[in-house]
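Structure assessment
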Amino acid sequence: MKNKTLIIIVIIAATAAALSLGIYQKRTHQINASLLQIEQLMYERPDSAWKILQHMPSISQLRKEEQALHALLFTQAQYKNYIPVKSDSLLRIAEAYYRTSNDSLHKAWTLFYLAQYYRDSDEKEKALSYFQQANIASRNIENNQFKFLLNLHWANLLSDEDAENKGIEKYQTANKYAILLKDTLKQIDLYGQWGWCCLLTGKYDCADSLFNMGLKLSTSSKMTYYNYLLNCLSLTAREKKDYKRALELVNRSLSLAKDSTELYPLWNNKGEILLEMNQYDSAHFYLSKDTRDYDPYFKATHYLNWSIYEEKIKNLPKALEYSKRYAELLDTIYQKRLESKVVNLQHKYDYSLIQSENKLLKIKRQRLYISLTAICMAVLTVAVIFFYKRREEKRKLAEQMRSKDDLMKEMRLQLQEKTIDLHAAQEKIIEKETALDKELSQREKMRSEYSSKEAAMRKEILRHSEIIRKMEQLNKMSQQDKIQSRSVVLSDEEQDNLAEVINICYNNFTDRLWKKFPTLTKADISLCCLIKIGISNSNMLYLLDTNKVALKKRKNRLKHDKMGMDENDSLDEFIMEF
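So, how was this worked out
Residues numbered from 1 in each chain as written. Predicted model: local features only at pLDDT ≥ 70, side-chain atom pairs only at ≥ 80, totals over all residues. Heavy atoms only, no water. Axes fitted to C-alpha atoms, helices over the stretch in contact; angles between N-to-C directions. Helix = DSSP H or I, 4+ residues; strand = E, 2+ residues; numbered from the N terminus. Parallel < 35°, antiparallel > 145°, perpendicular 65-115°, else oblique. Left-handed = near helix turned anticlockwise from the far one by under 90°. Contact = heavy atoms within 4.5 Å. Nonpolar A, V, L, I, M, F, W, Y, C, P; charged D, E, K, R; others polar. Phe/Tyr/Trp six-rings, centres within 6.5 Å; stacked < 30°, edge-to-face > 60°. Buried < 20%, exposed > 50% of the residue type's maximum accessible area, 1.4 Å probe, protein only. Lys NZ or Arg CZ within 6 Å of the ring centre and 35° of its normal. Patch = residues over 30% accessible without salt bridge, like charges linked within 9 Å, V, L, I, M, F, W, Y side chains within 5 Å. Areas by Shrake-Rupley, 256 points an atom, 1.4 Å probe, with all protein chains shown as cover. Salt bridge = Lys/Arg side-chain N within 4 Å of Asp/Glu carboxyl O.

With respect to the packing of helix H13 (residues 260-276) against helix H14 (residues 280-289)
- One way to put it is that H13 packs onto H14 with a least axis distance of 8 Å and a crossing angle of 160°. In terms of axis orientation, H13 runs roughly antiparallel to H14. As H13 packs across H14, the resulting crossing turns out to be left-handed. Here Tyr264, Trp267, Asn268, Lys270, Gly271, Glu272, Leu274 and Leu275 of H13 come into contact with H14, specifically with Tyr280, Ser282, Ala283, Tyr286, Leu287 and Lys289.
- Across the contact of H13 with H14, the residue classes tally to eight nonpolar, three polar and three charged.

What follows is the structure, given as structure tokens:
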């Protein structure tokens with residue numbers, strides 16, 4: 001009897017283990033198949049690949065091989081969709097795995113994107129080192145697409161680092177792979193980038209030759225690069241002081257331009273050409289048409305051009321004013337770069353903390369899984385034993401059928417035992433329900449505390465904001481003082497700071513707003529920020545230095561023209577809930 005019981009327990013345990021292993025292998029196979037499908041989709045539909053990756057399980061739940069491939073594909077999707085990569089943490093996971101792997105292709109891609117990341121982070125020496133490592137890793141693979149991209153980006157970096165001969169060598173190698181791929185667009189792009197590097201380093205004849213080669217390949221004026229290359233040739237002619245040819249090329253380019261994104265740089269280029277030709281009225285006309293001010297680099301270029309223009313027409317005070325603005329903007333750009341580096345370091349630190357927490361959670365889940373498996377096996381064992389005993393009891397009852405009194409007594413005893421077991425089971429269920437209610441209550445309390453802390457932090461951040469000081473100043477002033485005082489009016493810098501604070505406090509509010517409504521200006525964003533923190537219309541009049549009619553028109557224009565809202569919709573409610 002004991003041997004039979006032992007055999008049954010062993011069979012049940014083996015079955016449970018086999019089921020667990022089968023489920024794990026099936027899940028692993030599904031994840032691997034999904035990642036391979038995403039990798040195939042990446043080249044034709046990178047946007048779709050990015051969306052699928054965002055809905056994949058957390059990287060901490062995957063095996064090391066899956067983690068490495070997921071990390072590489074995630075970074076690759078970010079670059080292909082022009083999403084800034086703010087941390088190298090994911091690439092480090094992929095690098096740690098592929099360093100010792102025989103998978104040369106994925107290893108090469110990982111090293112290539114690490115080079116891209118450090119190039120974008122202005123760590124040129126590291127970037128060059130990783131380009132070299134990626135080149136070594138790709139020696140035994142046949143992937144012309146990869147080798148073209150590697151040599152193209154490597155050449156651009158070498159040209160930036162004044163290693164011109166090495167850069168030319170890499171451009172020539174990239175051109176060889178573009179020819180092997182039979183991809184005309186890649187060749188045109190290569191000649192454009194190569195020519196641009198020559199233009200920046202003062203090799204104007206070389207740049208002119210490369211741009212013309214790209215233009216010959218762009219056999220149709222409808223091709224994307226045709227108009228761009230015409231403008232590049234115009235810039236080259238301008239640098240060579242051949243203003244007549246430069247003007248002819250930029251006019252051809254203007255005649256082919258289709259929208260403002262193409263027209264703005266062309267207008268600016270034509271304005272600069274005319275300025276150098278001392279045709280001041282025409283230069284003023286075209287420089288004025290370029291109204292791009294959403295990027296500090298564009299604004300800096302505008303200030304420099306207007307400074308030169310005013311100096312040439314002998315308006316020295318105005319020229320000096322534009323020169324000062326240009327210098328101030330350069331200082332601002334430098335400061336933002338420093339702040340961006342600090343933010344990137346903070347992101348790296350935060351991500352490392354998240355990784356540590358994920359590892360701890362993974363260990364806890366593994367322990368919970370082992371515990372649940374052990375409990376299931378114990379329950380199955382008890383069930384088998386109970387079933388076996390039940391059979392034995394029935395056999396004994398069959399033997400005792402001759403004695404009615406003994407049989408009835410046995411039945412009453414069994415009934416009592418079942419009643420006791422039932423009560424015990426009910427008590428256990430009640431205990432489990434009580435424990436579950438207690439746990440849910442604790443979680444709800446923790447969530448409430450977290451929400452309170454988040455609100456307190458937001459309030460504390462806003463309390464240190466300049467806008468709160470302005471509001472306190474307004475509250476202390478009389479109506480007459482409010483009208484006469486200019487100290488409460490928000491400056492451009494204070495409006496920018498307000499936007500940054502609101503961005504931090506309300507889940508990237510301004511970034512999300514700008515992404516949804518790209519036509520919004522900085523002034524529109526400032527107005528939305530004031531609405532978001534509940535500033536009344538009466539106080540907005542003083543903070544923005546405007547009147548009721550102008551504010552109402554401004555809100556209506558923002559609501560109808562830029563956000564496309566209906567008349568019955570409330571702008572304030574929309575902003576508060578966004």
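Having seen the model, we can carry on.
Quick look at the packing of aromatic side chains
- Within this structure, the stated rule accounts for 16 aromatic pairs.
- Summarising the aromatic geometry, the rings of Tyr79 and Tyr113 are spaced 5.4 Å apart at their centres and angled 25° between planes, so their arrangement reads as stacked. In this pair, Tyr79 is assigned in helix H3 (residues 64-80) and Tyr113 in helix H5 (residues 104-120), connecting sequence segments 34 residues apart.
- Of the residues examined, Tyr113 reaches a relative accessible area of 4% and is grouped as buried.
- Ring geometry for Phe131 versus Trp154: centroids 6.2 Å apart, planes at 15°, classification stacked. Here Phe131, found in helix H6 (residues 124-137), pairs with Trp154, found in helix H7 (residues 144-160); they are 23 residues apart in sequence, far enough to count as distant. The pair Phe131 / Trp154 is uniform in exposure class, with both members buried.
- Chaining the aromatic ring pairs together yields one cluster made of Tyr79, Trp109, Phe112, Tyr113, Phe131, Phe146 and Trp154.
- It is Lys170 that lies over the ring of Trp154; its NZ or CZ is 3.9 Å from the centre.

A few points about a nonpolar patch on the surface
- Taken together, the side chains of Leu368, Leu372, Ile375 and Val379 make up a nonpolar region of the molecular surface, amounting to roughly 380 Å² of accessible area.
- Position of Leu368 among the secondary structure elements: in helix H16 (residues 316-399).

In short, geometric facts, not functional conclusions.
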